[in-house]
Amino acid sequence: MNRFNKKKKWIILLMLSCLLTGCSDNNSGKVQESTYSVLEENEDYQLALSEKEAFKNMLQDFIYWEYATMIEKEGESFFSILEKENCLETEMKLHFFYRKYDVEEMDEAESDIYNIIVTFPDKKELSYFSMDYNARGLSSKYDYGYGYGRWFSDSLEDDISSQELEKSKWFQKHYTSFGETSLRLKKSEAESYKVKDKFPAGEKERILSAVQASIKEEYKEEEDLVVYVRDFLPGDQSLSGEVVNLNIINSDDMPLYWICSEINYTGNKMEEFQDIHWYTHYSTGYSGASNPDYNPTVNQVKEWAKEEKEAVNVEKCILAYHIKNGEMIDLKDMQLTQWQYHQTN
């Protein structure tokens, strides 16, 4: 991967409406378009958040976007965590913190990264959210209540409340506050949220075409499996989704793989899409890694594969394919055809 050249000065114009737009109109309760511009001239990337309200609106849009794009029918999300803790339909106080990481501090990266922490000062039962922000915007890969190993000190407990985190001397030393505000989330807004293309014109189509080609090449000899790809944001440097193996022959066959494929960009601001590096990781839940008594039958593994397939909402996938004896069947097209059939019969 190309490395960031800190000897050059760049003017960074981040039009956040092209990345993560949307703000809450407290009077109407509707999500509206909003644009935030920040100009910085420096040797490196700045946080580029104009003020706390801009980030709050961006965060709200992200929470609704994530809820709308969850491909697992029972998947956990930022929204579902807050819903479980009875935090909807009420004003939640939020604290925002950030810490900058230079590209030189990381093994491989295209731009500097900001680890952003969202805490809940009035909610003792809630932990914090750890999010990444790069030259292209927020990443959908975040953590709840667990600081990334590369970000946080080992001296901090994994399961820690927002209040405990803020009081930590290590956290106070390394993270900077950039605002306090409040946020009200509504179930009706989440359910009516419309997913929009947040990429520069034509870029997402090029990425999806590369993903499709990668899937076709990777599984051209497979007998029976399904590939589910979840939607992604401009700030994402990896894809997520699932690969379910339906060709179970032996009891040690793996029914489920997680998609962890890289989205590679080039340029000092990651402005040019380069390619897709396809990569999956087997689900450790089916490997026996955490269960010494793991010894399923072939029929049990087949049942698990069936359950994993049925747990995915194909309608919410950005791409979905059934690979049958090397033939690539578009499940999204099939779903549309079935819907059209039922509409006319």
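Residues numbered from 1 in each chain as written. Predicted model: local features only at pLDDT ≥ 70, side-chain atom pairs only at ≥ 80, totals over all residues. Heavy atoms only, no water.

A. Highlighting the overall build of the protein. Tallying secondary structure elements over the protein gives 8 helices and 18 strands in all. Burial analysis of the protein (345 residues in total) assigns 49% to the buried set. Looking at the protein as shown, the accessible area adds up to about 17,800 Å², and 44% of this sits on carbon and sulfur atoms. (Helix = DSSP H or I, 4+ residues; strand = E, 2+ residues; numbered from the N terminus. Buried < 20%, exposed > 50% of the residue type's maximum accessible area, 1.4 Å probe, protein only. Areas by Shrake-Rupley, 256 points an atom, 1.4 Å probe, with all protein chains shown as cover.)

B. Spatial organisation of the sheet that holds strand S12 (residues 241–245). The 6 strands lie next to each other as S16-S13-S12-S11-S17-S18, forming an open sheet whose pairing is antiparallel. Two strands lie at the open edges of the sheet, namely strand S16 (280–282) and strand S18 (327–330), each paired on one side alone. The sheet shows a mean angle of 20° between the axes of neighbouring strands, taken without regard to direction. As paired strands, strand S13 (residues 256–259) and S16 are joined by 3 bridges and run antiparallel to one another. Across the sheet, residue Ile259 finds its bridge partner in S16, namely Thr280. Docked against the sheet, helix H6 (residues 203–218) engages strand S11 (224–229), strand S17 (319–324) and S18, running at close to 20° with respect to S17. Set on the sheet, helix H7 (residues 298–310) makes contact with S11, S12 and S13; between it and S12 the angle comes to about 145°. (Pairing = 2+ DSSP bridges. Axes fitted to C-alpha atoms, helices over the stretch in contact; angles between N-to-C directions. Contact = heavy atoms within 4.5 Å.)

C. Seen up close, the side chain of Lys56. Assignment of secondary structure puts Lys56 in helix H1 (residues 52–69). For Lys56, the side chain forms a polar contact with the main-chain oxygen of Ser182, separated by 3.3 Å. (Polar contact = N/O pair within 3.5 Å; in protein donor to acceptor, adjacent residues only side chain to side chain.)

Worth remembering: the numbers are spatial, not functional.
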